[in-house]
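# Structure at a glance
These are the residues of each chain, in order.
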Amino acid sequence: MEKQTSKYRWVVFVSILFTYLLIVSQRTAPGLISDQLMKDFNISAATIGLLTSIQFFAYAGLQIPIGILSDRFGPNFFLVIGALLNGIGTLFYSLASNEVVFLFARLLVGIGDAAIWVNLVLILSQWFKVREFIGLLGIAGMAGSLGFLLATVPFSAWITVSGWRVPFFTTGVMLILTSVLLYFVLVKKPKSFVWNQTHTKKPKKPREKTVVMLRRIFSSRQAWAAFFCHFGTVGTYVGFIGSWAVPYGMHVYGLSRSDSSQLIMVGLVGAMIGAPLTSWISSRIDSIKRPYIMVHIFVFLSWASFLLMNGKPPIYFLLIIFFITGYGNGASALTFAIVRKSFDIKEVGVVSGFANMGGFLSAVLLPSIFGKVLDHFHSSASSVGYHYGFIIPVLFSLLGLLGGTIIVEKSKKAVQEQAI
């Protein structure tokens, strides 16, 4: 029996897909209760921002190390441990009674989350053939969007009915049980199978030193273009919806928690459309740079409109803004298309981790800085603090636009020559 033709590979796929969905939901679910934590525990807005930032800081900082370790020692162990740490962190969060425990819990969640996407990709590449792999990776991305979607109205409604501790406690338990499931599915059960060896072993080439490889990548203009593209589209969106989007709707527009979370749903619809549509457009016109620059321009203008309208655009226009910024988040899949076309296949994982780190670095910085701005204007009208806070995503999205402009797009002929 071969791994890539066995029916068991679909058990693997469903198991890791369900795990990814649950984990992604916990990236932004805490944003639903930001105002409640501030009230119940007398926590400042800056501390709330730090709660989100520390999670994404761990995620961003571990992307490259996790990619290197998983490539050398295999992805199964890291995926199991990642799910377990995410579950323990979520469980601690549900039981927390002070700022220190909240921070520690989100740090655990961030460490666990950092191990998921890279290892999900590596596991799918082991169990599925190339023609299946590309499509299934797209489905995995859709599962991530669904995870974000669950952390909006459904999770908000659950919080309204039972309070915030029960949903987080239940999700934490589910993630811990899922890590046990992954151990049996990925480690225990496959040991009982006899796999056919269809490929002869080839002598291994000397592995390039990690320091040398990283130095070369970090000096590449194209790697930095990918980094800044992701920085401008992903982190601004994820950082904002994961911390201040729901409080913004409640404080500035007087919406209920449930109604405010629907703003995030609009953005998620944009994200689910953004990836396939922008990729299709890119293929049709045989260019990544041109459509990606247009995406960055629209994202920049969307964030800038908050400033032009004093932090409170008309509600119908607000929905359009959330849709466009969400669309930009989905269209950020083009970042990895840039990486695949520009780098040797042996470097794609590390460069993808570097680009992904850019997206989550902005997700680290935005909530905390935004929170400090809100604290500074605490005594003013609600919309004033948010008005000045939106300067941050405007600047970040401008860096994303800069990244788009410095992309070096190779001709079709050059790409074909590189592949030979």
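Reading the values: the criteria
Numbering of residues begins from 1 in every chain and follows the order in which that chain's sequence is written. In keeping with the model being predicted, local features are shown solely for residues with a pLDDT of at least 70 and side-chain atom pairs are shown and tallied solely at 80 or more, while totals for entire chains, interfaces and linings include all residues. Side-chain numbers here rest on the full set of heavy atoms in the structure, without hydrogens or water. Here a strand is any run of E in DSSP of at least two residues, a helix any run of H or I of at least four, and the numbering for each starts at the N terminus. To sort residues, take the accessible area from a 1.4 Å probe on protein chains only and compare it with the maximum for the residue type: under 20% means buried, over 50% means exposed, and anything in between is partly exposed. The contact rule is simple, with two residues in contact once any of their heavy atoms fall within 4.5 Å. Shrake-Rupley sampling with a 1.4 Å probe provides the accessible areas, and residues are treated as covered by the protein chains on show and by no other component. What a helix should span is 1.5 Å times the count of its residues minus one. To obtain an axis, a line is fitted to C-alpha atoms, over the contacting stretch when the element is a helix, and the angle between two such axes runs from 0 to 180 degrees between their N-to-C directions. Angles are sorted into four bins: roughly parallel if under 35 degrees, roughly antiparallel if over 145, roughly perpendicular if 65 to 115, and oblique for all others. Two helices cross in a left-handed way if the nearer one is turned anticlockwise from the farther one by less than a right angle. They cross in a right-handed way if the turn is clockwise. Only Asp, Glu, Lys and Arg are considered charged in this grouping, and only Ala, Val, Leu, Ile, Met, Phe, Trp, Tyr, Cys and Pro are considered nonpolar; every other residue, Gly among them, is considered polar. For our purposes a nonpolar core is just a set of buried Ala, Val, Leu, Ile, Met, Phe, Trp, Tyr and Cys residues, chained together by side-chain atoms within 4.5 Å. Geometry of aromatic contacts follows a simple scheme: Phe, Tyr and Trp rings, the Trp one being its six-membered ring, pair when their centres are within 6.5 Å, and the pair is stacked under 30 degrees between planes, edge-to-face over 60, tilted otherwise. Criterion for a charge above a ring: Lys NZ or Arg CZ within 6 Å of the ring centre, and within 35 degrees of the ring normal. Here a polar contact is taken to be a pair of N or O atoms separated by no more than 3.5 Å, where protein atoms must pair a possible hydrogen donor with a possible acceptor and residues adjacent in sequence count only if both atoms sit in side chains. Residue-level confidence of the predictor, termed pLDDT, takes values from 0 up to 100.

## Examining the overall build of the protein chain
Secondary structure assignment for the protein chain yields 20 helices and zero strands. Classification of the 420 residues of the protein chain by burial places 53% in the buried group. Across the protein chain, every contact between residues at least 6 apart in sequence was considered, and the portion connecting residues at least 24 apart equals 83%. Summed over all atoms, the accessible surface of the protein chain reaches about 18800 Å², with 68% contributed by carbon and sulfur.

## Re helix 6 (residues 116-127)
Think of an α-helix as 3.6 residues a turn; residues three or four steps apart then line up on the same face. Its twelve residues place the ends of helix 6 16 Å apart at the C-alpha level, agreeing with the 16 Å of an ideal helix rising 1.5 Å per residue. Taken together, the buried positions of helix 6 are Ile116, Val118, Asn119, Leu120, Ile123, Leu124 and Trp127.

## Overview of unusual backbone geometry
Look at Asp286: it is not a glycine, yet its phi comes out positive at around 55°. With respect to the secondary-structure elements, Asp286 resides in the loop between helix 13 (257-285) and helix 14 (289-308). Despite not being glycine, Asn310 has its phi angle at roughly 55°, a positive value. Topologically, Asn310 is positioned in the loop between helix 14 and helix 15 (315-331). For Asn310, a relative accessible area of 51% puts it in the exposed group.

## A few points about the packing of helix 13 against helix 15
Relative orientation of the contacting elements helix 13 and helix 15 amounts to 40°, with a least axis distance of 6 Å. The angle between helix 13 and helix 15 falls in the class oblique. In terms of crossing hand, the pair formed by helix 13 and helix 15 is right-handed. In contact with Leu263, Ile264, Val266, Gly267, Val269, Gly270, Ala271, Ile273, Gly274, Ala275, Leu277 and Thr278 of helix 13, helix 15 contributes Leu318, Leu319, Phe322, Phe323, Gly326, Tyr327, Asn329, Gly330 and Ala331. Of the residues belonging to the contact of helix 13 with helix 15, the class tally is 14 nonpolar, seven polar and no charged.

## Quick look at the environment of Leu79
Within the secondary structure, Leu79 sits in helix 4 (residues 75-95). When neighbours within four sequence positions are excluded, Leu79 is seen to be in contact with Ile16, Ala115, Ile116, Asn119, Ile123, Leu182 and Leu186.

## A few points about the nonpolar core
With 108 residues, the main nonpolar core has Leu37, Phe240, Tyr248 and Phe370 as its most contacted residues. In terms of residue count, the dominant contributor to this core is helix 17 (residues 348-376) (twelve residues). When residues no more than four places from it in sequence are discounted, the contact partners of Phe240 are Gly235, Ala245, Tyr248, Trp303, Phe322, Leu366, Phe370 and Phe390.

## Overview of the packing of aromatic side chains
Note on aromatic pairs: each is described by the distance of the centres and the angle between the planes. Within the structure shown, the criterion is met by 35 aromatic pairs. Ring geometry for Phe155 and Phe168: centres 5.2 Å apart, planes at 80°, overall edge-to-face. Highlighted residues: Phe155 in helix 8 (residues 153-162) and Phe168 in helix 9 (residues 165-188), separated in sequence by 13 residues. Each member of the pair Phe155 and Phe168 is classed as buried. Measuring from ring centre to ring centre gives 6.4 Å for Phe227 and Phe231, while their planes differ by 25°; the resulting arrangement is stacked. You can see Phe227 and its partner Phe231 sitting in helix 11 (residues 221-241), four residues apart, about one turn around the helix. Residue classification places Phe227 among the buried positions, given a relative accessible area of 6%. Among the aromatic residues, those joined into a ring-pair cluster are Phe240, Tyr248, Tyr253, Trp303, Phe306, Phe322, Phe370, Tyr386 and Phe390. Across from the ring centre of Tyr93, 5.0 Å away, lies the NZ or CZ of Arg106, which sits over that ring.

## A word on the side chain of Ser156
Mapped onto the fold, Ser156 is located in helix 8. According to the relative accessible area criterion, Ser156 is buried, its value standing at 0%. If sequence neighbours within four positions are ignored, Ser156 has contacts with Leu32, Arg257, Ser258 and Ser261.

## Focus: the environment of Ser342
Looking at the element boundaries, Ser342 is found in helix 16 (residues 334-342). Given the relative accessible area of 16%, Ser342 is considered buried. Counting along the chain gives 67 residues from Ser342 to Glu409, while the straight-line C-alpha distance between them is 8.4 Å. Only 2.9 Å separates the side chain of Ser342 from the side chain of Gln222, close enough to count as a polar contact.

## A few points about helix 9
For helix 9, spanning 24 residues, the distance from its first C-alpha to its last is 33 Å, which sits close to the expected 34 Å at 1.5 Å a residue. When we look at burial in helix 9, the residues that qualify are Pro167, Phe168, Thr171, Gly172, Leu175, Thr178, Ser179, Leu182, Val185 and Leu186.

## A short note on the confidence of the model for the protein chain
Detailed reading of the predicted coordinates is not advisable wherever pLDDT falls low. The predicted model of the protein chain averages 81 in pLDDT, with 89% of residues at 70 or higher. The least confident element of the protein chain, judged by mean pLDDT, is helix 20 (residues 412-419) at 48; the most confident is helix 19 (residues 391-405) at 93. Across residues 415-420, where pLDDT falls below 50, the model places six contacts with residues more than four positions away in sequence or in other chains.

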